[in-house]
Amino acid sequence: MKNYLRADLYRIVTRPAFWIVHIIGIIALFITAVLSTTVELNNDIEYLSNASTIISLGIFFIGIYYLFGIFGNDARARTGVMALGRGVSRRDVVTVHFLETFMLVGFTWLMLSITGIIIGKLIFNISGYYARLLISHMISSSLDTVFSLEFSMLLMLLGFGMIPCFIIFLCIQFDVISIVFSLITMLPPLMNFDFDAFLPGGITSKISYYLSYTGSIPIIPLFSVLVYMLAVFVLAIILYKRKELDF
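All values derive from a computational prediction rather than experimental measurement. Throughout, a residue's number is its position along its own chain's written sequence, starting from 1. The predicted nature of this model means local features are confined to residues of pLDDT at least 70 and side-chain atom pairs, given and counted, to a pLDDT of 80 or more, with totals for whole chains, interfaces and linings taken over all residues. As a rule here, side-chain values come from all non-hydrogen atoms in the structure, and water together with hydrogens is ignored.

**Some words on helix H7 (residues 162–173)**
Residues that lie three or four places apart on an α-helix share one face, since the helix turns once every 3.6 residues. To keep things clear, this is the line we draw: Helical segments are the DSSP runs of H or I of at least four residues, strand segments are the runs of E of at least two, and each set is numbered from the N terminus. A helix is expected to span 1.5 Å multiplied by its residue count minus one. Throughout, a contact is declared for two residues whenever any of their heavy atoms are within 4.5 Å.
If you check H7, its first and last C-alpha atoms are 16 Å apart, about what 12 residues at 1.5 Å a residue would give, namely 16 Å. On its buried face, H7 sits against helix H3 (44–77) and helix H6 (128–157). Residue Asp-175 follows H7 closely and has a positive phi angle near 55 degrees.

Below is the structure:
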């Protein structure tokens, strides 16, 4: 599995599009954030607001690139099936895909963090508190993207086309599930029940809140994230093992 993961990551990072999306895209996003801020006022709060919005958009669009440009291309090229033909187990194929999701989104988060904090320090001299707010917002957006990609990848491994995968990606990114459950809580028997605390969007928002204003990592929401991700991972392995493949 290590060789398969190493070879697949090398194939991904040697694509010019991968670096174009990250280097040019991220620099352009933060230049936009800086230009949209009143530099004369040295307003670090305004920078934080603009940068947070740009970060959310940046991670969202880079997540779409991962979905279509990397995992979608792999599904069309049947790289997973070819790996099975070379002796890689189905469990390892799923494991590699999920590990790549964490690594790629983690790489994006790292680049966003470094770029955002450097620009904030150089131009606005933002304090450590505002830098922590920026990083916590990036963590929340990154976790949302990981959730979106994992659920989309589950469908992709089962042979679904890109349109259903993209719909799931958008639903999780825009927290459509929370909106649906908020409508359900309008029913009298469920008015006092907080569904949002058990849904991915609500959990990542809670993690961001605790990191931003207390500087601590909330144990229960973090555990909930791990449970969600582990459940999707195990489900993907079980279903992919049962799927009939054409070689």
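**Focus on the side chain of Asp-144**
Put simply, the rule is: Whether a residue is buried, partly exposed or exposed follows from its accessible area with a 1.4 Å probe, protein chains only, as a fraction of its type maximum: under 20%, in between, or over 50%, in that order. Only four residue types enter the charge count, namely Lys and Arg as positive and Asp and Glu as negative; His and the chain termini do not. One speaks of a salt bridge when a side-chain nitrogen belonging to Lys or Arg is within 4 Å of a carboxyl oxygen belonging to Asp or Glu. Any pair of N or O atoms that falls within 3.5 Å is considered a polar contact. Within protein, one atom must be able to donate a hydrogen and the other to accept it, and sequence-neighbouring residues count only if both atoms are side-chain atoms.
Turning to its location among the elements, Asp-144 is positioned in helix H6. The side chain of Asp-144 is buried and forms no salt bridge, while Lys-206, the nearest opposite charge, is found at 14 Å. Only 2.8 Å separates the side chain of Asp-144 from the side chain of Thr-204, close enough to count as a polar contact. When neighbours within four sequence positions are excluded, Asp-144 is seen to be in contact with Ile-172, Gln-173, Pro-200, Gly-201 and Thr-204.

**Considering helix H9 (residues 200–213)**
With 14 residues, H9 ought to run about 20 Å at 1.5 Å a step, and its terminal C-alpha atoms sit 20 Å apart, in line with that. Listed in full, the buried residues belonging to H9 are Pro-200, Gly-201, Gly-202, Ile-203, Thr-204, Ile-207, Ser-208, Leu-211 and Ser-212. On its buried face, H9 is in contact with H6 and helix H10 (219–242). Taken from the residues just after H9, Gly-215 is the one with a positive phi, measuring 75 degrees.

Geometric descriptors of this kind do not, in isolation, establish any biological role.
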